[in-house]
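Below, each chain spelled out in residue letters.
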Amino acid sequence: MAASGTAGGADALSRLWREVRAAHGDRTALTDGHRTLTYRQVDAAARAVAGRLTAAGAGPGRYVMLHGLAPMDAVVAMLGTLAAGAAFAVLEEGLPDAARAARCARVDAVLLAGRGLAPHGTGTPPWVDLGPQLDGTAPESASAPDDGGAPAAGPPSTVRGGGVVSDRPAYAMFTSGSTGEPKAVGIGREALHGFALAAAARLGLGPEDRWLQLASLGFDVVVEEVFPVLARGGTVVCRPGTGVPDPEELHGMLGTLGVTTVELSTQYWREYAHWLDVRGEDTPAPLRRVLVGGERMDPDDWRRWERAGRAGLVHVYGLTECTVTSTMYEGPLPDDAPEVPIGTPLANAEVTVRDPARRPVPPGTVGEIHIGGPSLAPGYLGDPEQTARRFVTGPEPGGGRLYATGDLGRILPDGAVEFHGRADDQLKIRGHRLEPASVERLLTADPAVAQAVVLLDARTRGSLLACLVPAAPAAPADGVLPVTAGQRARLLARVTAELPGWAAPQQLFWTGALPKNDHGKVDRRALAATLLTAQATATAQGTAAVQGTTTAQGTATAQALTAAQATAPAGTAGTTDPDLTTGLPDGGVGDPGTDPGGPDTLDTVLRHFRALLADPGLEPDADFFASGGQSILAMRLVTELRADFPGTVGLRATTVFDHPTPRRLAEWLSSAPTRPRAVPAPFPPAVRKD
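Criteria and thresholds
- Residues numbered from 1 in each chain as written.
- Predicted model: local features only at pLDDT ≥ 70, side-chain atom pairs only at ≥ 80, totals over all residues.
- Heavy atoms only, no water.
- Helix = DSSP H or I, 4+ residues; strand = E, 2+ residues; numbered from the N terminus.
- Contact = heavy atoms within 4.5 Å.
- Areas by Shrake-Rupley, 256 points an atom, 1.4 Å probe, with all protein chains shown as cover.
- Pairing = 2+ DSSP bridges.
- Axes fitted to C-alpha atoms, helices over the stretch in contact; angles between N-to-C directions.
- Buried < 20%, exposed > 50% of the residue type's maximum accessible area, 1.4 Å probe, protein only.
- Salt bridge = Lys/Arg side-chain N within 4 Å of Asp/Glu carboxyl O.
- 1 Å grid on protein atoms, 1.4 Å probe; cavity = no way out; pocket = protein on both sides within 12 Å on 5 of 7 lines; lining within 4 Å.
- Points joined across faces, edges and corners; volume = space filled by probe spheres on them.
- Nonpolar A, V, L, I, M, F, W, Y, C, P; charged D, E, K, R; others polar.
- Phe/Tyr/Trp six-rings, centres within 6.5 Å; stacked < 30°, edge-to-face > 60°.
- pLDDT = per-residue confidence, 0-100.
- Arc of directions from axis to C-beta.
- Parallel < 35°, antiparallel > 145°, perpendicular 65-115°, else oblique.

Focus: the overall build of the chain
And step 1. Tallying secondary structure elements over the chain gives 19 helices and 28 strands in all.
And step 2. Across the chain, the fraction of contacts at a sequence separation of at least 24, relative to all contacts at a separation of at least 6, is 67%.
And step 3. Total accessible area computed for the chain in this model is approximately 27200 Å², and 55% of it derives from carbon and sulfur atoms.

Side note on the sheet that holds strand β27 (residues 480-482)
And step 1. Here 4 strands make up an open sheet; going across it, the order is β25-β26-β28-β27 and the pairing mixed. Edge positions in the open sheet fall to β25 (449-456) and β27, since each of these has one partner strand only. Strand-to-strand twist of the sheet, defined as the mean angle between neighbouring strand axes without regard to direction, takes the value 30°.
And step 2. Note that strand β26 (residues 464-470) and strand β28 (residues 507-511) share 4 bridges and pair parallel. Within the sheet, the bridge partner assigned to alanine 466 lies in β28 and is leucine 508.

Re helix α8 (residues 247-256)
And step 1. Burial within α8 is extensive, with 8 of its 10 residues counted as buried.
And step 2. Of all the positions in α8, only Pro247, Glu248, Glu249, Leu250, His251, Gly252, Met253 and Leu254 are classed as buried.
And step 3. In this structure, the buried side of α8 is in contact with β11 (210-213), β13 (261-265), α9 (266-279) and α17 (631-644).
And step 4. Downstream of α8 by a residue or two, glycine 258 has a phi angle that is positive, lying close to 65°.

Description of the pattern of salt bridges
A side chain of one charge can pair with a side chain of the opposite charge if their charged atoms are brought near each other.
And step 1. Per the stated rule, a full pass over the model turns up 34 salt bridges.
And step 2. One salt bridge in this structure joins arginine 27 and glutamate 208, with 3.4 Å as the shortest N-O distance. Of this pair, arginine 27 sits in the loop between α1 (12-24) and β1 (28-31) while glutamate 208 sits in the loop between α6 (189-203) and β11, and the two are 181 residues apart along the sequence.
And step 3. Residue classification places arginine 27 among the partly exposed positions, given a relative accessible area of 32%.
And step 4. Residue classification places glutamate 208 among the exposed positions, given a relative accessible area of 56%.

Observations concerning empty space enclosed by the protein
And step 1. Considering all chains together, one arrives at 2 cavities of 30 Å³ or more under this definition.
And step 2. Considered as a void within the structure, the largest cavity measures approximately 40 Å³ in volume.
And step 3. Together, Asp457, Arg459, Ser463, Gln506, Gln507, Leu612, Leu613, Gly628 and Leu633 line the largest cavity.
And step 4. Residues of the lining of the largest cavity, tallied by class, amount to 3 nonpolar, 4 polar and 2 charged.

Thoughts on the packing of aromatic side chains
To describe a pair of aromatic rings, you give the distance between the ring centres and the angle between the ring planes.
And step 1. Within the structure shown, the criterion is met by 10 aromatic pairs.
And step 2. Seen in terms of ring centroids, tyrosine 272 and tryptophan 305 are 6.3 Å apart; in terms of plane orientation they differ by 55°. Their pairing is tilted. On the criterion of sequence distance, the pair formed by tyrosine 272 in helix α9 and tryptophan 305 in helix α10 (residues 299-307) is long-range, its members being 33 residues apart. The same class applies to tyrosine 272 and to tryptophan 305, which are both buried.
And step 3. Ring centres of phenylalanine 391 and tyrosine 403 lie 5.1 Å apart, and the angle between their planes is 55°; this geometry places the pair in the tilted category. Remark: tyrosine 403 occurs in strand β21 (residues 401-411) and phenylalanine 391 occurs in strand β20 (residues 391-393); sequence separation between them is 12 residues.
And step 4. Judged by relative accessible area, phenylalanine 391 falls into the buried class, the value being 9%.
And step 5. Among the aromatic residues, ring-to-ring pairing joins Phe609, Phe624, Phe625 and Phe657 into one connected group.

Describing the pairing of strand β22 (residues 417-422)
And step 1. Pairing of β21 with β22, which is carried by 4 bridges, proceeds in the antiparallel orientation. Each bridged residue has a counterpart across the sheet, and for aspartate 407 the counterpart in β22 is arginine 422.
And step 2. Once β21 ends, the chain turns through 5 residues before running back antiparallel as β22, passing glycine 415 with a positive phi of about 95°.

Side note on the sheet that holds strand β2 (residues 36-38)
And step 1. One open sheet holds the 9 strands; their spatial order is β2-β1-β12-β11-β13-β14-β15-β16-β17, and the pairing between them is mixed. Edge positions in the open sheet fall to β2 and β17 (344-345), since each of these has one partner strand only.
And step 2. Sheet analysis places β11 next to strand β12 (residues 235-238), joined by 4 bridges and oriented parallel. Bridge pairing in β12 places arginine 210 opposite threonine 235.
And step 3. With respect to the sheet, α6 is in contact with β11, β14 (289-293), β15 (312-317), β16 (327-329) and β17, its orientation differing from that of β16 by roughly 10°.
And step 4. The strands touched by α9 are β13, β14 and β15; relative to β13, the strand with the most contacts, the crossing angle is about 110°.

Notes on unusual backbone geometry
And step 1. In this chain, glycine 331 is followed by proline 332 through a cis amide linkage whose omega measures 0°.
And step 2. Look at valine 324: it is not a glycine, yet its phi comes out positive at around 70°.
And step 3. Within the secondary structure, valine 324 is located in the loop between β15 and β16.
And step 4. Valine 324 gets classed as buried once you look at its relative accessible area, which sits at 6%.
And step 5. Phi at arginine 358 is positive, roughly 70°, even though this residue is not glycine.
And step 6. Inspection of the secondary structure puts arginine 358 in the loop between β18 (350-354) and β19 (367-372).
And step 7. On the accessibility criterion, arginine 358 (21% relative accessible area) is partly exposed.

Some remarks on the confidence of the model for the chain
And step 1. For the chain, mean pLDDT is 83; residues scoring 70 or higher make up 81% of the total.
And step 2. Low pLDDT (under 50) marks residues 545-595, which in the prediction has 46 contacts with non-local residues, meaning those over four places away or in another chain.
And step 3. Contacts of residues 677-690 to residues separated by more than four positions or lying in other chains number 35 contacts, the stretch itself having pLDDT below 50.

A word on helix α19 (residues 662-671)
And step 1. Inspection of α19 places Pro662, Leu665, Ala666, Trp668 and Leu669 among the buried residues, and these make up the whole buried set. Around the axis of α19, the buried residues are gathered within 160° of arc, so they sit on the same side.
And step 2. The inward-facing, buried residues of α19 contact α16 (601-613), α17 and α18 (653-658).

Observations concerning the packing of α8 against α9
And step 1. Contact pair α8 / α9: the axes reach a minimum separation of 9 Å and the direction vectors enclose 85°. When the interaxial angle is binned, α8 and α9 end up roughly perpendicular. On α9, the residues touching Pro247, Glu248, Leu250, His251 and Leu254 of α8 are Tyr268, Glu271, Tyr272, Trp275, Leu276 and Arg279.
And step 2. Its residues assigned to classes, the contact of α8 with α9 comprises 7 nonpolar, 1 polar and 3 charged.

Focus on the environment of arginine 664
And step 1. In this structure, arginine 664 sits in helix α19.
And step 2. In the structure, arginine 664 is positioned 62 residues away from leucine 602 in sequence and 9.0 Å away in space, judged by C-alpha atoms.
And step 3. Setting aside residues no more than four positions away along its own chain, arginine 664 makes contact with Asp658 and His659.

Quick word on the packing of α1 against helix α2 (residues 39-56)
Each packed pair of helices is defined by two parameters, the angle between the axes and the distance between the axes.
And step 1. Following both chains from N to C, one finds α1 and α2 inclined at 140°, their axes separated by 9 Å at the closest point. The orientation of α1 relative to α2 falls into the category oblique. Residues Trp17, Val20, Arg21 and His24 of α1 form the contact with α2, whose own contacting residues are Tyr39, Arg40, Val42 and Asp43.
And step 2. Grouping the amino acids of the contact of α1 with α2 by side-chain chemistry returns 4 nonpolar, 1 polar and 3 charged.

Below you can see the structure in the form of structure tokens.
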């Protein structure tokens, strides 16, 4: 939506915003738990942003890159960019300089906007500080007029090299390209308007809804978190920062802020469900729906959630090229369903399943999923070859434009679509699509690597593996061997310099030869099975190794304790009287072997590190993230440690980032405050509600 009275003028997106502002002007549009803005206040701030951007050169058909903004500021800046008639894109935090410059060049951005001083780096457009506009301290005269007028529409949008389209761009998102260069997808204002209304109608959103904004600001799910609920006069509940809360923090946010709707990636949802199971908790009462998507949904996980009577699940499916989400499935899931369907189309999408000649196949037949309708993007900016390959025309008379997704599926008797994998090697990692060739190309740039194959980790389903064939015959002829820590750092240097962190393989292995199928191509399934076996073996060895160490140290501890008891004053040795403060024996912080101050703390932490990272030889001073860990695994680590150290206060996923080695984390656990287990642990107010 665009604020009123601007170069976005009289199009449907601007009209919708004016209608919402008129109907819900004094209702809360945005909050982050610290600040709250009504629809009138958001409109005023967005018009101020629009005026500043217009004065700096933004306008219809031009892109503004947003950078370094907190989520609430970013939403206002998005609305302000649209109000200027321009389109927004987001530069995510942590991108290497080369990747930032490539993204700016891909959309031909005219401005880079944010708060404060310009970020370091080269190859980016002129910087605009939006701080005064976002804070409401800019002069009123600098705002875009609130006259409801319809200025000149500006030139039509073009897909450079891909033809002219009538729908001016609203935003652009980036997806992986096989050459390593990002593909930019520009979505039009009419497509955004249609999606916002279709998603709001399908979900039954209304003014009382409060949608928690969690997605990365550079990921198109943010569009789904913001625009549908605003289209119905509801509230976007923004994170106060850009970090992702761990499951316990998420649970606290959902309850404290009265959230009714949240969207989670499949991996993140699985970790939240695991946390609920471990804690024996239910979803907070206000929460009515949890949207889940980005990867295949395990039907057993879905049924377990349903049996627990938790908030309703909505399985979502869509692609950036088709305006976020095209289908939804609300359940309930039949007992005999082999998969969780991806559902039926939204009102703005047309979904068909087709054969290699693009002809529709009968229901029940597996083919390639194609998406058509007004939700489609014009194509890839500056990439006519990829545009022609993916954006096709149906062969039937009057066939319209279609997007060939590369996903396989079939239509079920009830009209829902069931997902059946990929027709190519493209991977889905934490909701992002990745061409493995883009990573393999960077790995083989190292002279020590002859071949590289990148796969999804079948154990975590949220990280990548890489199997490498050395240029010199130094790896086992059959089987695999993990790379050393020093090798890993060198091999991933190019990857981390050019691609986002989620695209870097978390574990790397050497092998003497890659398995081949009958056609002489790499057998990725066979290789994945080999790596899974290697990981399982490593996990078992790691657990056994730590247990052996624990047993030896436990024996020494018991001997020392016996000696201490023999010399203790009468009446004190070996006491088991309840502690007067806690009502539990010996302070009540945990079972034997799990006292945060006890001698087994390091062994317990090390055991979890080795098991999660599938590395039996992991040392106490090894870095979790340098050894293959990532944020989802950090959440699982914290959940497991909370079970071992139930009285520990303040244990969060961020604790792992601050103390990333087993030794440092064990030291933190040893000094952390504890609470009695007899007293229920309140959920932390991760976001204060004023």
